[in-house]
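Here is how the chains run, residue by residue.
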Amino acid sequence: MIEEKKVGYKQTDIGIIPEDWNVKYLGDLANFYKGKFLPKSNISYSGKFKCIHYGELFTHYKEKIKDIRYKTNQPLNISFLSKSNDVLMPTSDVTPNGLAKASCVLEDNLILGGDILVIRMKEQAKLNGVFLSYFIRLHKDEIMKRISGTTVYHLYASDIKDLLVHFPEIEEQNSIVSALMDIDGLINSLEELIVKKRNMKKAAIQKLITGEKRIPGFCTKWEKSPLEDLANFYKGKFLPKSNISYSGKFKCIHYGELFTHYKEKIKDIRYKTNQPLNISFLSKSNDVLMPTSDVTPNGLAKASCVLEDNLILGGDILVIRMKEQAKLNGVFLSYFIRLHKDEIMKRISGTTVYHLYASDIKDLLVHFPEIEEQNSIVSILEDMSEEIEIIEHRLAKANSMKAGMMHDLLSGKTRLCQTNIQKEFAS
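The rules behind each value
Residues numbered from 1 in each chain as written. Predicted model: local features only at pLDDT ≥ 70, side-chain atom pairs only at ≥ 80, totals over all residues. Heavy atoms only, no water. Helix = DSSP H or I, 4+ residues; strand = E, 2+ residues; numbered from the N terminus. Contact = heavy atoms within 4.5 Å. Areas by Shrake-Rupley, 256 points an atom, 1.4 Å probe, with all protein chains shown as cover. Lys, Arg positive; Asp, Glu negative; His and termini not counted. Charge placed at Lys NZ, Arg CZ, Asp CG, Glu CD. 1 Å grid on protein atoms, 1.4 Å probe; cavity = no way out; pocket = protein on both sides within 12 Å on 5 of 7 lines; lining within 4 Å. Points joined across faces, edges and corners; volume = space filled by probe spheres on them. Nonpolar A, V, L, I, M, F, W, Y, C, P; charged D, E, K, R; others polar. Pairing = 2+ DSSP bridges. Core = buried A, V, L, I, M, F, W, Y, C linked by side-chain atoms within 4.5 Å. Buried < 20%, exposed > 50% of the residue type's maximum accessible area, 1.4 Å probe, protein only.

J.: What am I meant to see in the overall build of the chain here?
T.: Helix and strand counts for the chain stand at 13 helices and 32 strands. Viewed in the frame of its principal axes, the chain has a C-alpha envelope of about 80 × 55 × 45 Å. Across the chain, contacts joining residues at least 24 apart in sequence account for 77% of those joining residues at least 6 apart. As displayed, the chain offers around 22200 Å² of accessible surface, 50% of which is attributable to carbon and sulfur atoms. One way to put it: in the chain the 60 positive side-chain charges average out to a point 2 Å from where the 54 negative ones average out.

J.: Explanation requested: the layout of surface pockets in the structure shown.
T.: In this approach, a probe sized like a water molecule rolls over the atoms, and the result shows the empty space that is left. Here the largest pocket is characterised by a volume of approximately 660 Å³. Top element by residues in the lining of the largest pocket is helix α6 (residues 170-210). It accounts for 7 residues. Its residues assigned to classes, the lining of the largest pocket shows 6 nonpolar, 4 polar and 10 charged.

J.: Looking at this structure, I do not really get the sheet that holds strand β30 (residues 349-350). What am I missing?
T.: Either a parallel or an antiparallel arrangement is found when strands of a sheet pair, and the pairing is made through backbone hydrogen bonds. Reading across the sheet, the 3 strands line up as β26-β31-β30 and stay open at both edges, with antiparallel pairing between neighbours. Every interior strand has two partners, whereas the edge strands, β26 (293-294) and β30, have only one. With 2 bridges joining them, β30 and strand β31 (residues 354-355) adopt antiparallel strand pairing. Bridge pairing in β31 places Gly350 opposite Tyr354.

J.: I'm lost on unusual backbone geometry in this one. Help?
T.: Of note, Asp67 is a non-glycine position whose phi angle comes to about 55°, a positive value. Relative to the assigned elements, Asp67 resides in the loop between β7 (64-65) and β8 (70-72). Here the phi dihedral of Asp316 falls at roughly 65°; this positive angle occurs in a residue that is not glycine. Summarising the element assignment, Asp316 is placed in the loop between β28 (312-313) and β29 (317-322).

J.: Even after reading the chapter, I still don't get the nonpolar core, so can you show me in this structure?
T.: Soluble globular proteins: nonpolar side chains tend toward being buried together. If you look at the biggest cluster of nonpolar residues, it comprises 50 residues, and the most contacted ones within it are Met89, Ile119, Leu132 and Ile160. The element that contributes the greatest number of residues to this core is α6, accounting for 9 residues. Apart from the residues lying within four places of it in its own chain, the contact partners of Ile119 are Leu26, Ala30, Asn31, Phe32, Asn85, Asp86, Val87, Met89, Leu132, Ile136 and Ile160. By size, the runner-up hydrophobic cluster in this structure holds 41 residues, among which are Phe259, Leu300, Val331 and Ala358.

J.: Mind showing me how you'd approach empty space enclosed by the protein here?
T.: Evaluation of the coordinates by the stated rule reveals 1 cavity of 30 Å³ or more. Roughly 40 Å³ of volume is contained in the largest cavity. Taken together, Lys263, Glu264, Lys265, Lys267, Glu382, Ser385 and Glu389 make up the lining of the largest cavity. Per-element accounting of the lining of the largest cavity gives the leading share, 3 residues, to helix α12 (residues 371-411). In terms of residue class, the lining of the largest cavity is built from no nonpolar, 1 polar and 6 charged.

J.: Please explain the sheet that holds β7 as it appears in this structure.
T.: One open sheet holds the 5 strands; their spatial order is β4-β14-β10-β12-β7, and the pairing between them is mixed. Strands with a single pairing partner mark the edges of an open sheet, and in this sheet they are β4 (30-34) and β7. Relative to strand β14 (residues 116-121), β4 runs antiparallel, the two being bridged by 5 bridges. If you follow Phe32 over to β14, its bridge partner there is Ile119.

J.: Mind showing me how you'd approach the environment of Gly256 here?
T.: Summarising the element assignment, Gly256 is placed in the loop between β21 (250-253) and α8 (257-260). With relative accessibility at 23%, the residue Gly256 sits in the partly exposed group. Residues Gly256 and Gly315, spaced 59 residues apart in sequence, show a C-alpha to C-alpha distance of 9.9 Å.

Take a look at the structure:
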């Protein structure tokens, strides 16, 4: 599909951009260096000098580096030091995805560790390093083509020297960076709020599920009972991935979803199947589901309660079905099992593939209050979960908005010379 060229725009090797924008090879705009060896044993939260370890470029720092968290006593004379406006990229990893990340440092004399590619702008380039970091991340697919390796992947300066960069004058670059940093500020605040709310929920689970904190109005002594006295155990039946989709006659749950998608309370069933009911295992409301096998043991201590009858439950799902006289809320039990992860982990067997069987947890001692207090505890915790989900939805929307802004602003499709960012992206 051929792009239609608008008035004030020009056709270039990398597409249509504004007439007054520059197009240059990265090698013409910057010099390239490499950080020096900085072992993890040399870094801590205290020390004389601020430093950056290459691993932080994957997980901690975004397009603009701020709030340097590590320090070192490694002497400056054997270290590589930053210069404000340097753009940093990791040069090696066991997966290629993280190597297309770029972060700009705005301080001089930070110690930069090994495996960091340092892109240092030439004086005449007039290129904002944060702008370049956004540009590189936007063009992740192009960077990925230049990465080499099989078991360990590498990115060298020679791989990106011929990367074509298009950019406006420095004033417009600064305006673009300011606009993108505004949306990043919103994203950061939402991420911090989610962490805070999750910590609050974690503390509430610890206190409410153990009975350390009682809900006003309840004072009955809690019961203790082995899980086998409270429930019967079943196993789901074979449900291949080829049999599931987003359309079909019957709702279903694949065991893999218990690791990644469903929490203590299962809602919004996402998959369906046309697999006949008469060859399937069907749920009963209040069933607690646990995965029974995985290549790592950590996920096997997860439990999720389903509140619908007749969902098709796939193989490798352990189904804990409460006995009628038990009066045990399945969501409460799911919280209890997840809270006692360490106890569950002791009961898992296997080496290359790990397993959890009904026989492993039949004697798990469950302590619980009367059903009314269980229901109140679940209600409080689920209210907290819903609050977190609302914030997560806002975060997803903000990230989507950022992606759209990056595409439009860094391509010149939307100009910010005299533009109010709120007007441009109001929706």
